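# Geometric and topological summary
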Amino acid sequence: MRKTKTIALGIALAVGTFTATGAMAATTLENVKEKGHLQCGVTSGLPGFSQPDEKGNWTGIDVDTCRAVAAAIFGDAKAVEFTPLTAKERFTALQSGEIDMLSRNTTWTLTRDASLGLNFAGVNYYDGQGFLINKDIGVDDATQLDGATICIQAGTTTELNLSDYFRAKGMEFKPIVFDTSEQTVQGFSAGRCDVLTSDRSQLAALRSKLSDPSSAIILPNTISKEPLGPVVRQGDDEWFNIVKWVLSVQINAEELGVTSANADEMLESDNPNVQRLLGTDGDMGAKLGLPDDFGHKVVKLVGNYGEMYDRNVGPDTPLGLSRGINALWTEGGILYAPPVR
Amino acid sequence: MKKQTFDTRPAGPKPWNDPQVRSIFFQTIAIALVFWGGWVLVENTLSNMESRGISTGFGFLDETAGFGIIMNLVPYDATMSYGRTFWVGLTNTLLVSAMGVVAATILGFIIGVARLSSNWLVAKMALVYIEVIRNIPLLLQIFFWYFAVLSNLPSPRQSVDVGGALFLNNRGLYLPEPLTQDGFGLVWGGILLAIAAVVAIRVWAKKRQLATGQIFPTFKVGVAILIAVPIISYLAAGSPIEWDIPALKGFNFGGGITIIPELAALWIALSLYTASFIAEIVRSGILSVSKGQTEASKALGLPNGLTLRLVIIPQAMRVIIPPLTSQYLNLVKNSSLATAIGYPDLVAVFMGTTLNQTGQAVEVVAITMAVYLTISLLISLFMNIYNRAVAIKER
């Protein structure tokens, strides 16, 4: 009799599971509010983008993008927990709901946008792929790389770009694909390959890891477009809008001259654009399902886009990257956020 | 009426109390539950993926892959499909596994026998080898061979040059490639002829030994024939091979055959590591043969080598084969560590780049798991057949 009971229980459990999975899930915003924090997927350590310091605090431009979202929802930039992910794991982690948003220097491409059940919520860094090469080889342009052996890190769009570039130029190359960036650098410095290829933002950081950084140079060529940005699950437009507009608010804040330092004074501003941005006028927050002062909280706690850039990857950081195309459209760059109104 | 007279058994239990009926009933339910559980898993996954807008199905295998792979045994270039990258990865996995199995077996047998040598130095060296190698994680050993040993070879411009035809540097070993010309068929003919001759000699020698007791040196004569006949036919055909000799051009050597250091490092590490386990298995196998067997063969006047080859090893094989099989399986599965040093095996190419570019994790991982399962089951199957051949025949 006990056997029959066990089986009956088993059936009940299995059926129960089945019906439970069919139930409607709550929205991402509701889930995040209920948890009390945002779960954000980042890299396991990429200087300037997302990296834990010796105390375990995460820093980087991707990290700040997550913090801005947390500031908008909770008014607290620290209400984030970070999940370090490898390139291979990242989309699965987002699809399965393990994380609420992915901010892991991820390139926006059509395939990823259309076939992975994901949406890209904007661009927080415009990157491009370049080459790091040993100075002794005497090559100063990528068109001279015919026959070169090239070290690549696995799980990135880099492999495809590289292949496309060499095919288009009718050149040949030998790819060596490593699993992590440490191994890639090690392979390059051991002389296994002539060239290391990665996003240009990374080449400077990787070069600084070499025992003799001056032995290698970065070639001037940029062979691909790499718009990097935060990613959310498809099918939750409310959440998609929140992530998209928090980033836009940061860019607009820089354009309007609102910084974390003057955010409080700017509450008194007469400029209607600033008033709408900071929530002193209109109900911009309510339209997104956020508090009306979310813009103020984002800028005050995390900063505008320029602050975020300078703090993490700008000229005064180890990466030392000038703004380049990541400058505002008003300053010769291509950063152009839709208006908050 | 008649029936009642002969049927003296008590009336059977009610169906729900009949043990046989009950066991069938519950087993049917158990199987149904297993299948139903599997179906729910698949169905749930598919419907969840669909509701989240994730592409499913195997259509991606026909799409253009577009990325390069450094080593391919089947023809491949970036314009071919993702399906083709699967075959490239699979053949690379099979290559390193097969090379590893052969080398580990040979090395393992030698060391296992050496471990039991009466020579103190040989026995202790074998012991040190086994204890050192099998107690260091395999991944570390792969890194050691790759980053500490092979990477320190000279750069291409300072290659080690053997006779202007063979070059060794930190990009690999460059060998001349034989390109067969017209008339090479004669050489193939010579090779086949030599093999047939050796088989014939062996049969004849065995027959003669049974009849007269005289031993014919089959091994030496066989090797001589296998070497001599193909060479003679090669010369007779007018040397129909041209060598494609590697030469330094631009960044690197071109032409010839390249053995990349990733393959070499993985092969060396897998072979040495697995050999240390095989050596212990061989030792246990030999020790399982009772000492009386050795003494008996000594009494018959067999020399040490023949005692080992004809009496000990055949009996030891019965103990050796089953654990040897699992070492082979381990070796094949361990070859997936290739991804750490950039050897383009199935996991690195197909479950790495292809998975990342298509994003179809469920399909790609399922295919990869099925492949490893199939390889392992096939190895098991062949080893079981072999095991049956050497097992004790009950007569």
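Predicted model only: the values in this text are computed from it and were never measured.

Rules of the game
Residues numbered from 1 in each chain as written. Chains lettered and ligands numbered in written order. Predicted model: local features only at pLDDT ≥ 70, side-chain atom pairs only at ≥ 80, totals over all residues. Helix = DSSP H or I, 4+ residues; strand = E, 2+ residues; numbered from the N terminus. Rg over C-alpha atoms; globule rule 2.2 N^0.38 Å. Buried ≥ 20, exposed ≤ 12 C-beta atoms within 10 Å, placed from the backbone. Contact = placed C-beta atoms within 7 Å. Pairing = 2+ DSSP bridges. Axes fitted to C-alpha atoms, helices over the stretch in contact; angles between N-to-C directions. Core = buried A, V, L, I, M, F, W, Y, C linked by C-beta atoms within 7 Å. Domains from an automatic or database assignment. Nonpolar A, V, L, I, M, F, W, Y, C, P; charged D, E, K, R; others polar. Parallel < 35°, antiparallel > 145°, perpendicular 65-115°, else oblique. Left-handed = near helix turned anticlockwise from the far one by under 90°. pLDDT = per-residue confidence, 0-100.

Let's shift gears to the overall build of chain B. Broken down by element type, chain B carries 12 helices and 8 strands. At 29 Å, chain B has a C-alpha radius of gyration far larger than the 21 Å of a compact globule built from 395 residues. Its C-alpha atoms give chain B principal-axis dimensions of roughly 100 × 75 × 50 Å. By residue count, 28% of the 395 residues in chain B fall in the buried class. A sequence separation of at least 24 residues applies to 66% of the contacts in chain B between residues at least 6 apart.

This part covers the overall build of chain A. Within chain A, the secondary structure is distributed over 14 helices and 14 strands. Dimensions of chain A along its principal axes, counting C-alpha atoms only, are 75 × 70 × 40 Å. Out of the 341 residues in chain A, the part that is buried amounts to 50%. Across chain A, the fraction of contacts at a sequence separation of at least 24, relative to all contacts at a separation of at least 6, is 71%.

All names here are of chain B. Strand order across the open sheet formed by 4 strands is β1-β2-β3-β8, with antiparallel pairing between neighbours. Looking at strand neighbours, the two that pair on one side only are β1 (160–162) and β8 (257–259), the edges of this open sheet. Averaged over all adjacent pairs, the angle separating strand axes in this sheet is 15 degrees, with direction ignored. Pairing geometry for β1 and strand β2 (residues 166–169), over 3 bridges, is antiparallel. If you follow valine 162 over to β2, its bridge partner there is leucine 166.

Attention now goes to the sheet that holds strand β8 (residues 129–134) of chain A. Residue and element names in this part refer to chain A. Spatially, the 5 strands line up as an open sheet ordered β10-β9-β11-β8-β12, and their pairing is mixed. Pairing within the sheet leaves two strands with one partner each, and these edge strands are β10 (173–178) and β12 (216–218). Each neighbouring strand pair of the sheet contributes to a mean axis angle of 30 degrees, computed without reference to strand direction. Two strands pair when backbone bridges link them, and strand β9 (residues 148–153) and strand β11 (residues 195–199) are joined in this way by 2 bridges, in the parallel orientation.

We now examine the nonpolar core. Counting residues in hydrophobic clusters, the biggest one holds 85 residues, and the most contacted among them are Val195(A), Ala265(B), Leu266(B) and Ala269(B). In terms of residues, this core owes the most to one element, helix α8 (residues 261–288) of chain B, which gives 16 residues. Core analysis: the second largest hydrophobic core is formed by 65 residues, Val32(A), Tyr125(A), Phe240(A) and Val258(A) among them.

Let's shift gears to the domain arrangement of chain A. Residue and element names in this part refer to chain A. Taken domain by domain, chain A comprises domain 1 (28–126 + 228–257 + 303–330) and domain 2 (129–224). Computed over C-alpha atoms, the centres of domain 1 and domain 2 are 27 Å apart. Each partner contributes to the interface: domain 1 provides 14 residues, whereas domain 2 provides 8 residues. Along the lines of polarity and charge, the residues of the side of domain 1 that touches domain 2 split into 8 nonpolar, 5 polar and 1 charged.

Moving on, we come to the interface of chain A and chain B. Contacts between chain A and chain B engage 43 residues on the former and 38 residues on the latter. Among the secondary structure elements, those contributing two or more residues to the side of chain A that touches chain B are α1 (2–22), α4 (90–95), α5 (110–115), β9, α6 (158–168), β10 and α7 (181–189) of chain A. Residue composition of the side of chain A that touches chain B, grouped by class: 15 nonpolar, 16 polar and 12 charged.

Once that is clear, we can look at the domain arrangement of chain B. A common way to state how big an interface is: give the accessible area lost once the parts meet. Parsing chain B into structural domains produces domain 1 (18–54), domain 2 (82–155 + 262–390) and domain 3 (177–244). Measuring from the centre of the C-alpha atoms in domain 1 of chain B to the corresponding centre in domain 3 of chain B gives 59 Å.

Looking at the element boundaries, Gly187(A) is found in helix α7. In sequence terms Gly187(A) and Asp283(A) are 96 residues apart; their C-alpha atoms lie 55 Å from each other. Not counting residues within four places of it along the chain, the set of residues in contact with Gly187(A) comprises Cys151(A), Ile176(A), Phe178(A), Arg192(A), Cys193(A) and Gly342(B).

Residue and element names in this part refer to chain B. For the pair helix α4 (residues 120–134) and α8, interaxial distance at closest approach is 9 Å and the crossing angle is 125 degrees. Judged on the interaxial angle alone, α8 and α4 are oblique. The element α4 and its partner α8 pack so that their crossing is left-handed. In this structure, α4 uses Ala126, Tyr129, Ile130, Ile133 and Arg134 to contact α8, whose residues at the interface are Leu272, Tyr273, Ser276, Phe277, Ala279 and Glu280. Tallied by class, the residues present in the contact of α4 with α8 amount to 8 nonpolar, 1 polar and 2 charged.

A few words now on the environment of Leu95(B). Note that Leu95(B) resides in helix α3 (residues 82–115). Put simply, Leu95(B) and Ser336(B) are 241 residues apart on the chain and 12 Å apart in space, counted from C-alpha to C-alpha.

All names here are of chain A. Position of proline 315 relative to the elements: it lies in the segment after α14 (305–312). What makes proline 315 exposed here is the crowd of 11 C-beta atoms within 10 Å. With residues near it in sequence (within four places) discarded, proline 315 still touches Gly320 and Ser322.

Let us now look at the confidence of the model for chain B. The predicted model of chain B has a mean per-residue pLDDT of 88, with 97% of residues at 70 or higher. Per the prediction output, this complex has pTM 0.78; the corresponding ipTM is 0.72.

Once that is clear, we can look at the packing of helix α5 (residues 138–149) of chain B against α8(B). Residue and element names in this part refer to chain B. Interhelical geometry of α5 versus α8 gives an angle of 140 degrees and a closest axis separation of 9 Å. Taken together, the axes of α5 and α8 are oblique relative to one another. When you trace α5 past α8, the crossing you get is right-handed. The residues of α8 that touch α5, namely those facing Leu138, Gln141, Ile142, Trp145 and Tyr146, are Pro261, Glu262, Ala265, Leu266, Ile268, Ala269 and Tyr273. Tallied by class, residues from the contact of α5 with α8 come to 10 nonpolar, 1 polar and 1 charged.

With that out of the way, let us pick up the confidence of the model for chain A. For chain A, the average pLDDT comes to 87, and 92% of its residues sit at 70 or higher. A low-confidence stretch, residues 1–24 of chain A (pLDDT under 50), is modelled with 6 contacts involving residues beyond four sequence positions or located in other chains.

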